[in-house]
Amino acid sequence: MKPVYPLRRTCKEVSALLIAREDRALPLVERMALRLHMAMCQACPKFERQLLTMRNAMGRWRHYSED
Ligand SMILES: [Zn+2]
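These lines cover the structure that appears in this document, whether it is placed above or below.

Conventions adopted
- Every residue gets a number counted from 1 within its own chain, in the order that chain's sequence is written.
- Residue-level local features of this predicted model are given only where pLDDT is at least 70; pairs of side-chain atoms are given and counted only at 80 or more, and the full residue set underlies all totals for whole chains, interfaces and linings.
- Side-chain descriptors were evaluated using all non-hydrogen atoms of the structure, hydrogens and water having been removed beforehand.
- The secondary structure listing takes helices from DSSP runs of H or I that are at least 4 residues long and strands from runs of E that are at least 2 residues long, numbered from the N terminus.
- Type-normalised accessible area, obtained with a 1.4 Å probe on protein chains alone, sets the label of each residue: buried when under 20%, exposed when over 50%, and partly exposed for intermediate values.
- Residues are treated as being in contact if the distance between any of their heavy atoms lies within 4.5 Å.
- Listed donor atoms are N, O and S within 2.8 Å of the metal (Na, K and Ca: 3.2 Å). As water is not included, a site may look incomplete.
- Angular criteria define each label, namely tetrahedral for four donors with all angles between 85 and 135 degrees, square planar for four and octahedral for six donors with opposite donors over 155 degrees apart and remaining angles between 65 and 115, and irregular for whatever fails these tests.
- Should a side-chain nitrogen of Lys or Arg be within 4 Å of a carboxyl oxygen of Asp or Glu, the pair is scored as a salt bridge.

Looking now at the overall build of the protein. The helix and strand inventory of the protein stands at three helices and zero strands. In sequence order, the protein lays out its α and β elements as α-α-α. Expressed as a percentage of the 67 residues in the protein, the buried residues total 24%. Restricting the contact set of the protein to residue pairs at least 6 apart, pairs at least 24 apart contribute 56%.

Right, dumping it as C-alpha cells:
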C-alpha cells in the first residue's frame, strides 16, 4: 500500500479544485495542496491558464451583453 500524504492530490482532484475555486473559497489545506501540486505538475498549470482565459472571455461576453 502506498503511503498517503495529506497534501498529495491527483491531477483529476486538482482540476476539480480549480473549478470549485471559481465558485467558492477553498479551505487552507486545499489551497496548500493545490500550490504543492502546481509546483510539481506540468499539465495542471496549463489547465489553470485555460480556466483563467475562459473566465476572462466569459466576463467580457457578459460585459458586452449588458451594453
Ligand atoms: Zn497535475
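Turning next to the coordination of the zinc ion. Those protein atoms acting as donors to the zinc ion are Cys 11 (SG), His 37 (NE2), Cys 41 (SG) and Cys 44 (SG), and they sit at 1.9 to 2.3 Å. Around the zinc ion sit four donor atoms; with metal-centred angles ranging over 103 to 113°, the donor geometry is tetrahedral. All donors to the zinc ion come from one chain, and their sequence spacing reads C-x25-H-x3-C-x2-C. For the pair Cys 41 and Cys 44, a shared accessibility class is recorded, and that class is buried.

This brings us to the pattern of salt bridges. Considering all chains together, one arrives at three salt bridges under this definition. The partner of Glu 48 in a salt bridge is Arg 21, and the shortest N-O contact between them spans 2.8 Å. Residue Glu 48 is located in helix α3 (residues 43-66), and its partner Arg 21 is located in helix α1 (residues 11-21); the two are separated by 27 residues in the primary sequence. Given the relative accessible area of 32%, Arg 21 is considered partly exposed. For Glu 22, the salt bridge goes to Arg 55, with nearest N and O atoms at 3.3 Å. With Glu 22 in the loop between α1 and α2 (28-40) and Arg 55 in helix α3, this pair connects stretches of sequence that are 33 residues apart.

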